[in-house]
Amino acid sequence: MLSNDVQGKVEKPLDKIVSIQDSLKISNCLFIDVRTPQEFAQGHLPGAINVPLFSNEERAIVGTLYKQVSVDAAKQRGLEFVSPKLPAIIKSITEYANQDYQIIIYCWRGGMRSKSIVTLLDTLNIVARQLVGGYKAYRRYVLDGLETCKIRPEIVVLSGSTGVGKTTILNELATKGHPTINLEGLANHRGSVFGQIGLGKSTTTPMFEAAVLECLEKYQDKPYIIVECESTQIGNVYIPKVLREGMRLGKTILLQASVSTRVQRIIAEYSSNRAIDAETIAHCIQAIYKYLGRKKTAFLLQCLANNQIELLVASLLVDYYDPLYGYDNSKNAKYEAIISAENLEHATAALDTYLKRRYAGL
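Rules behind the numbers
Residues numbered from 1 in each chain as written. Predicted model: local features only at pLDDT ≥ 70, side-chain atom pairs only at ≥ 80, totals over all residues. Heavy atoms only, no water. Pairing = 2+ DSSP bridges. Helix = DSSP H or I, 4+ residues; strand = E, 2+ residues; numbered from the N terminus. Axes fitted to C-alpha atoms, helices over the stretch in contact; angles between N-to-C directions. Contact = heavy atoms within 4.5 Å. Core = buried A, V, L, I, M, F, W, Y, C linked by side-chain atoms within 4.5 Å. Buried < 20%, exposed > 50% of the residue type's maximum accessible area, 1.4 Å probe, protein only. 1 Å grid on protein atoms, 1.4 Å probe; cavity = no way out; pocket = protein on both sides within 12 Å on 5 of 7 lines; lining within 4 Å. Points joined across faces, edges and corners; volume = space filled by probe spheres on them. Nonpolar A, V, L, I, M, F, W, Y, C, P; charged D, E, K, R; others polar.

(A) Expanded view of the sheet that holds strand β6 (residues 154–160). Ordered in space as β7-β6-β10-β11, the 4 strands form an open sheet in which the pairing is parallel. The sheet terminates laterally at β7 (224–228) and β11 (337–340), the two strands that pair on one side only. The sheet shows a mean angle of 25 degrees between the axes of neighbouring strands, direction not considered. Relative to β7, β6 runs parallel, the two being bridged by 5 bridges. Each residue of the ladder has a partner; that of V156, found in β7, is I226. Of the strands in this sheet, β6, β7 and β10 (251–256) touch helix α11 (residues 241–249), which is tilted by about 75 degrees from β6.

As C-alpha cells, this is what we get:
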C-alpha cells in the first residue's frame, strides 16, 4: 500500500492472515467466500460474496478422491476444475479490491482453497488476506458468543393472538427508532404450520443464530429490545437459549383485536400480490389433523375447496390457534399493558408513548 506523502511514512504491508475477531472490526472489509454455492447457502459471514472455486458437483468429486484415492489425486483433479475459471475469479475479486475494500478470503477451515487464491492475488499485487480458521472459525465465534452472552437490555415481548398484527407493529416501532429484533424475519418463517407459505426457503440455523447474535451485540447498550412472543422453534430454527431466557424474564405487552379483524389481516398477508396457494394450505391443514380431528379437518378442506377463505381462517383461529396459545384467556400471564390493536397505527403510537415513558432517561 502507498504511504502518506505528507507524513513521509511508509505503511507496512498487511499481514496475509487475519483472525475472525479482528476481521469483524474492519469497517471496509469485504469477505470473499470461495466455497461452493451449496456451502455458502448453508451459512456464510455477514455481507460475504460467493466466488466459488468449485461447483457443488466438482467439490463432491474432489472430496471423494481425497477420501478414497489420495491427496495428490484430489489436488490434481481440483486443479483441473479450477484452472479454466481462474481468470474470471481473479477479475471478479480485483473489481471488488478496486472499490477500496479490504478483501478477506475464506473457505471452510482456512485451508487450501482460500490460501491458494490469496497467494495468487499476492503475485498479482492485489492485496488480500486469508481468514484464519475459515467459516468454521466464524461458526465457533457465533456459538461461543451466544453461549457467553449476557443480555443487559430488558426484553419487551409483544404478545397477542394470531393475526393481531404483532409483526407489523414491531416493524413500525423499528422505523421510529426503537431497538427491535424481528425473529420471524430473520428466520424467514411466520412461526406456525402455515408460516412458510409464500416466503420461499427458510433461513438455515447457522444464518439465524449469526443474525440473532449480531442484533444482541448491536443493542447491548440500549435499555430495552422489543421482540414478538414466539415458541421455542420458528420453522426449522430455534431461538437461542440466552434470548429465550431474556424473553421469559422480560416485560410482556398484550395486543388485542377481534376475530374479524384478525381474519382480514391474515388473508391480506397470505394472499397479497398472489393467489391463495390452495395445495400448500391443504397440506398444512392435513399436517395438524391430530389436533383438529376428522370432522374439523374435513370441514376446513371443504371450505378451501369452495374458496370460503374467510370461514376457513376464522375457524382456524377459533378452533385451533386461539385455544393453542390462549393469550387472552391465560390466568397466569402477567402483562405490563394491554393495548387494542384494532387500529394498527393507534396501537403503534400507544406503544411508542409507553416505551418512551417507561425508559425515559435510560
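(B) Looking closely at the nonpolar core. With 36 residues, the main nonpolar core has L45, I181, L183, L216, V227, L243 and M247 as its most contacted residues. Broken down by secondary-structure element, the contributors of at least two residues to this core are β2 (29–33), β4 (102–106), α7 (134–148), β6, α9 (183–187), α10 (205–218), β7 and α11. It is α10 that contributes the most residues to this core, 6 residues altogether. With residues near it in sequence (within four places) discarded, I181 still touches L170, L186, C215, L216, Y219, I225, I226 and V227. Listed in part, the 22 residues of the second largest apolar core include Y270, L300, C303 and Y320.

(C) Spatial organisation of the layout of surface pockets. Looking at the largest pocket, its volume works out to about 880 Å³. Along the walls of the largest pocket sit 42 residues, with T162, G163, R190, E269 and Y270 positioned nearest its centre. Secondary structure elements with two or more residues in the lining of the largest pocket: α8 (166–175), α9, α12 (259–271) and α16 (309–325). Counting residues per element, the lining of the largest pocket draws most heavily on α16, which supplies 7 residues. Class assignment for the residues of the lining of the largest pocket results in 19 nonpolar, 15 polar and 8 charged. Estimates place the volume of the second largest pocket at around 730 Å³. Around the second largest pocket, the lining is made up of 24 residues, and of these F54, R59, V62, M112 and R113 lie nearest the centre. Elements that contribute at least two residues to the lining of the second largest pocket include exactly α3 (56–68), α4 (71–82) and α6 (112–123). Top element by residues in the lining of the second largest pocket is α4. It accounts for 7 residues. In the lining of the second largest pocket, the residues fall into 14 nonpolar, 5 polar and 5 charged.

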